[in-house]
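Chains, contacts and geometry: an overview
In case you want the letters, here they are:
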Amino acid sequence: MANAIRALAMDAVEQAKSGHPGMPMGMADAAAVLFTQFLRFDPKAPDWPDRDRFVLSAGHGSMLLYALLYLTGYAAMTLDELKRFRQLGSRTAGHPERGHAGGIETTTGPLGQGFGNSVGMALAERLLAAEFGDEIVDHRTYVLASDGDLMEGVSHEAASLAGHLGLNKLIVLYDDNSVSIDGPTELAFSDDPLLRFRGYGWAAERIDGHDHTVIAEAIRRAQKSDRPSLIACRTTIAFGAPTKAGTAAAHGAPLGAVEIAGARERLGWSEPPFVVPEDIRAEWQETGTRGEALRHAWEARLNSLSAKRRADFLRRQRRELPAGLDEAIIKICGEFREKNVKVATRQASGTVLDTLTRVVPELVGGSADLTPSNNTKAKDQKDVCRGDYSGRYIRYGVREHGMAAAMNGIAVHGGLIPYGGTFLTFSDYARPSIRLAAFMGAGVIYVMTHDSIGLGEDGPTHQPVEHLAALRAMPGLYVYRPADPVETAECWALALQRRDGPSLLALTRQSVPLLRREPDFENRSAHGAYVLAEAEGARQITLLATGSELSVAMAAREILAREGIHAAVVSMPCWELFEKSPREYRDAVLGSAPRVAVEAAVEFGWARWLGPRGAFIGMRGFGASAPGEALFPHFGITPEKVAEAARSLL
Ligand SMILES: Cc1ncc(C[n+]2csc(CCOP(=O)(O)OP(=O)(O)O)c2C)c(N)n1
């Protein structure tokens, strides 16, 4: 059965003239043991919520996963798809892409990410089990990771977090083959992963990764462990290939006809390309049917829940929000207006969360050790601890990348909505995972505070300047920069409503005035941009602003009004949503008058909104260490400068 994986991997890579045969051939034994004896899955219901998760973190070995899905009978993974490996429009992309076929739990390829996701999945399992009971939620997360996965920094953060939280249902099969692209791993890697993982609080052992009995015994031990487990499987890359086995030459290139013929002979595999003998095929298919009875038993248990709990569980699986969100947002905005609050948007966000976490029970918060700064912990939230997973707040520690990767795992696991905080400038530390959330459409929410020079004294190391531009450049990520408490609440509602992609809230450290005072509530941020204050008279100038600079634009409008110049102010909390608004709406908002944009960040990207006759007031380089109030005038981000730029355009 393992040889079926090897043959399909060799054949598909050969046919595509590209791909990675080595890892699937090396880990075929471990994968076969896992899928035939342990993994609980049902190809007929790939989304069965209580299935075990299998994460191919070493995504370059995608043919291993595709072969397994084909052999076990996932309808979407046909033989034809294997034959179209890596071709345009096929489900068999170069690296596994979530959504291409059932059984692909997460998008992998950038090494370390799948590993990080798996920690989030294993954590999500514990959180949901604490809420709905072991009868309904009781599954394991299995990972196949390579040397590259373990070398990547994110695996260190993720493994450390998993050990700390005692995620004992997480089992990693490590392809300990001592080969990477450059050659033997000893060129660059002399860690002792066993010692390292034990240091994190994991169980770790090394086994012969080609001995099926030994592999099964190790997995059985791991299943009983009170801590996460690393099973280092000593394997030979491209096991079976006569001259390339054990060498880097087998990592990422077709083996070639001669080598493949030799491998077939050694493995005792006489079938032509893409043919699996009937008896072996039948055994694999049998493996794929085992889970159906387990699923039915689970469905019966689900049906024995009270109607309310069952409905809640299923609603969350469908990624639908509970009733009451809109009313809650309207109420919060009403209170902000009544009190005329002048607070930082991070603080407004904290107030919003105090309510939202009650209305939306699937919200799971956290921060990378900046909880008091990010205002991410709601009043009612309790910490998640090792052994007690009933809390809904995760202390991610100073692990931004690990946090973002875990949040992807929580989001794709289903049943929970993760949000997590850090400073906006450290979005760089999380960026590879943010990119994958955007790419695979994971509904993660980032709460990134201290969003400009306005943070002040911590200085230029902490003051983001290019981050908004860099994040807005990422396809699929919605970047929100609310200007006041009301916009903050609106942006939170929009981020929650977006269940098929990530949202990032960029929030201020410093206080901002309440600018949205109209008595009737409409979520105006939903348009992405809107006219906050129309010109009094025919519009001569349009001032565009986001976040804390919206009040700068409003003050500039006053200055200009005193001089008889009619300026409108447009708030632009979310460029991505504005782009999606109808053209007529956008044209009406932007108007035909010259435009001045003000944002305490670099200009990059603003050209699209400024039009041919526009000016930009913002940052031209890094910030400086000083109180925030001193920095805005120092860098020329003032109402006077905005008014001056406007005058120069008339
Ligand atoms: C973040 C990241 N960096 C680099 C790569 C390119 N890459 C793909 S596989 C690999 C390393 C291969 O070694 P190993 O992980 O041991 O896999 P094996 O050769 O055993 O299949 C590298 C550097 C990548 N996929 N992701």
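The structure under discussion appears in the preceding block.
As the structure is a computational prediction, the values presented were derived from the model and not from experiment. (Residues numbered from 1 in each chain as written. Predicted model: local features only at pLDDT ≥ 70, side-chain atom pairs only at ≥ 80, totals over all residues. Heavy atoms only, no water.)

**Topic: the overall build of the chain**
In terms of helices and strands, the chain carries 25 helices and 18 strands. In terms of C-alpha radius of gyration, the chain reaches 27 Å, essentially the compact-globule figure of 26 Å for 650 residues. Projected onto its principal axes, the C-alpha positions of the chain cover 90 × 55 × 45 Å. Considering the chain as a whole, with its 650 residues, one finds that 62% of them fall into the buried category. The contacts in the chain between residues at least 6 apart in sequence include a share of 77% that link residues at least 24 apart. When the accessible area of the chain is evaluated, it comes to approximately 23,400 Å², of which 51% is carbon and sulfur surface. (Helix = DSSP H or I, 4+ residues; strand = E, 2+ residues; numbered from the N terminus. Rg over C-alpha atoms; globule rule 2.2 N^0.38 Å. Buried < 20%, exposed > 50% of the residue type's maximum accessible area, 1.4 Å probe, protein only. Contact = heavy atoms within 4.5 Å. Areas by Shrake-Rupley, 256 points an atom, 1.4 Å probe, with all protein chains shown as cover.)

**Quick look at unusual backbone geometry**
The phi angle at Lys 17 is positive, at roughly 60 degrees, despite the residue not being glycine. Checked against the element boundaries, Lys 17 lands in the loop between helix 1 (2-16) and helix 2 (22-38). Positioned with a positive phi, Arg 86 is a non-glycine residue whose angle comes to about 70 degrees. Note on placement: Arg 86 falls in the loop between helix 4 (79-83) and helix 5 (113-132).

**Describing the sheet that holds strand 12 (residues 503-506)**
On the basis of which strands lie adjacent, the open sheet formed by six strands has the order 8-7-9-10-12-11 and parallel pairing. Lying at the two open borders of the sheet, with one neighbouring strand each, are strand 8 (393-395) and strand 11 (478-480). If you compare each strand with its neighbour and ignore which way they point, the axes differ by 20 degrees on average. The pairing of strand 7 (residues 363-367) with strand 8 spans three bridges and is classified as parallel. (Pairing = 2+ DSSP bridges. Axes fitted to C-alpha atoms, helices over the stretch in contact; angles between N-to-C directions.)

**Points about the pairing of strand 7**
In terms of burial, strand 7 is a largely internal element, five of the five residues being buried. Going residue by residue along strand 7, you find Leu 363, Gly 365 and Ser 367 tucked away on one face and Val 364 and Gly 366 tucked away on the opposite face as well. As paired elements, strand 7 and strand 9 (residues 417-423) share three bridges and run parallel to each other. The residue of strand 9 that forms the bridge with Ser 367 is Gly 421.

**A closer look at the sheet that holds strand 18 (residues 614-619)**
Strand order across the open sheet formed by five strands is 14-16-15-17-18, with mixed pairing between neighbours. In this open sheet, the two edge strands, each paired with only one partner strand, are strand 14 (530-533) and strand 18. Recorded for the sheet is a direction-independent mean angle of 30 degrees between the axes of neighbouring strands. Two strands pair when backbone bridges link them, and strand 14 and strand 16 (residues 567-571) are joined in this way by three bridges, in the antiparallel orientation. Paired with Val 531 across the two strands is Val 570, which belongs to strand 16.

**Here we look at a negative patch on the surface**
On the surface, Glu 278, Asp 279, Glu 283 and Glu 286 cluster together into a negatively charged patch. With respect to the element layout, Glu 286 can be found in helix 11 (residues 278-303). (Patch = residues over 30% accessible without salt bridge, like charges linked within 9 Å, V, L, I, M, F, W, Y side chains within 5 Å. Salt bridge = Lys/Arg side-chain N within 4 Å of Asp/Glu carboxyl O. Lys, Arg positive; Asp, Glu negative; His and termini not counted. Charge placed at Lys NZ, Arg CZ, Asp CG, Glu CD.)

**Topic: the pairing of strand 3 (residues 170-176)**
Counted residue by residue, strand 3 has seven buried out of seven residues, so it is predominantly covered. Pairing of strand 2 (residues 141-146) with strand 3 involves six bridges; the strand directions are parallel. By the bridge assignment, Leu 144 is partnered in strand 3 with Leu 173. Direction of pairing for strand 3 relative to strand 5 (residues 229-234): parallel, over a ladder of six bridges. Directly across from Asp 176, in strand 5, lies its bridge partner Arg 234.

**Concerning the pattern of salt bridges**
Summed over the entire model, instances satisfying the criterion amount to 44 salt bridges. Note that Asp 176 is salt-bridged to Arg 234, the shortest N-O span being 3.3 Å. Highlighted residues: Asp 176 in strand 3 and Arg 234 in strand 5, separated in sequence by 58 residues. The salt bridge partner of Arg 509 is Glu 457, with a shortest N-O separation of 3.9 Å. With Arg 509 in the loop between strand 12 and strand 13 (511-512) and Glu 457 in the loop between strand 10 (445-449) and helix 18 (467-472), this residue pair connects regions lying 52 residues apart in the sequence. Owing to a relative accessible area of 36%, Arg 509 belongs among the partly exposed residues under this scheme. Taking relative accessible area as the criterion, Glu 457 reaches 45% and is therefore assigned partly exposed. Within the structure, one salt-bridge network assembled from shared partners comprises Glu 131, Asp 312, Arg 315, Arg 316, Glu 362 and Arg 392.

**What to know about the site of the ligand**
Among the 15 residues in the neighbourhood of the ligand, the closest are listed as His 60, Ser 146, Gly 148, Asn 177 and His 251. One nitrogen or oxygen atom from the main chain of Gly 148 is found 2.7 Å from an oxygen atom belonging to the ligand. At 2.7 Å from an oxygen atom of the ligand is found a side-chain nitrogen or oxygen belonging to His 251. Coverage of the ligand by the protein chains reaches 74% of its 580 Å² of free accessible surface. (Near = heavy atom within 4 Å. Polar contact = N/O pair within 3.5 Å; in protein donor to acceptor, adjacent residues only side chain to side chain.)

**So, the side chain of Ser 62**
When you line up the elements, Ser 62 lands in helix 3 (residues 62-72). When near neighbours in sequence (up to four residues on either side) are disregarded, Ser 62 contacts Leu 56, Phe 85, Ala 93, Gly 94, His 95 and Pro 96.

**Topic: the packing of helix 20 (residues 550-562) against helix 25 (residues 639-649)**
For the pair helix 20 and helix 25, the least separation of the axes is 8 Å and the interaxial angle reads 55 degrees. If you check the angle between helix 20 and helix 25, you find them oblique. In the packing of helix 20 onto helix 25, the handedness of the crossing is right-handed. Facing helix 20, whose interface residues are Val 552, Ala 555, Ala 556, Ile 559 and Leu 560, helix 25 presents Pro 639, Glu 640, Val 642, Ala 643, Ala 646 and Arg 647. Residue composition of the contact of helix 20 with helix 25, grouped by class: nine nonpolar, no polar and two charged. (Parallel < 35°, antiparallel > 145°, perpendicular 65-115°, else oblique. Left-handed = near helix turned anticlockwise from the far one by under 90°. Nonpolar A, V, L, I, M, F, W, Y, C, P; charged D, E, K, R; others polar.)

**A closer look at the packing of aromatic side chains**
Following the criterion strictly, the structure yields 18 aromatic pairs and no others. Note on Phe 132 and Phe 313: the rings are 5.0 Å apart at their centroids and 80 degrees apart in plane angle, and the pair reads as edge-to-face. Of the two residues, Phe 132 is situated in helix 5 and Phe 313 in helix 12 (residues 307-317); the sequence distance between them amounts to 181 residues. By relative accessible area, which is 5% here, Phe 132 ends up buried. For Phe 313, a relative accessible area of 2% puts it in the buried group. Their ring planes at 55 degrees and their centres at 6.0 Å tell us that Trp 298 and Phe 313 sit as a pair that is tilted. Placement of the pair is Trp 298 in helix 11 and Phe 313 in helix 12, with a sequence separation of 15 residues. (Phe/Tyr/Trp six-rings, centres within 6.5 Å; stacked < 30°, edge-to-face > 60°.)

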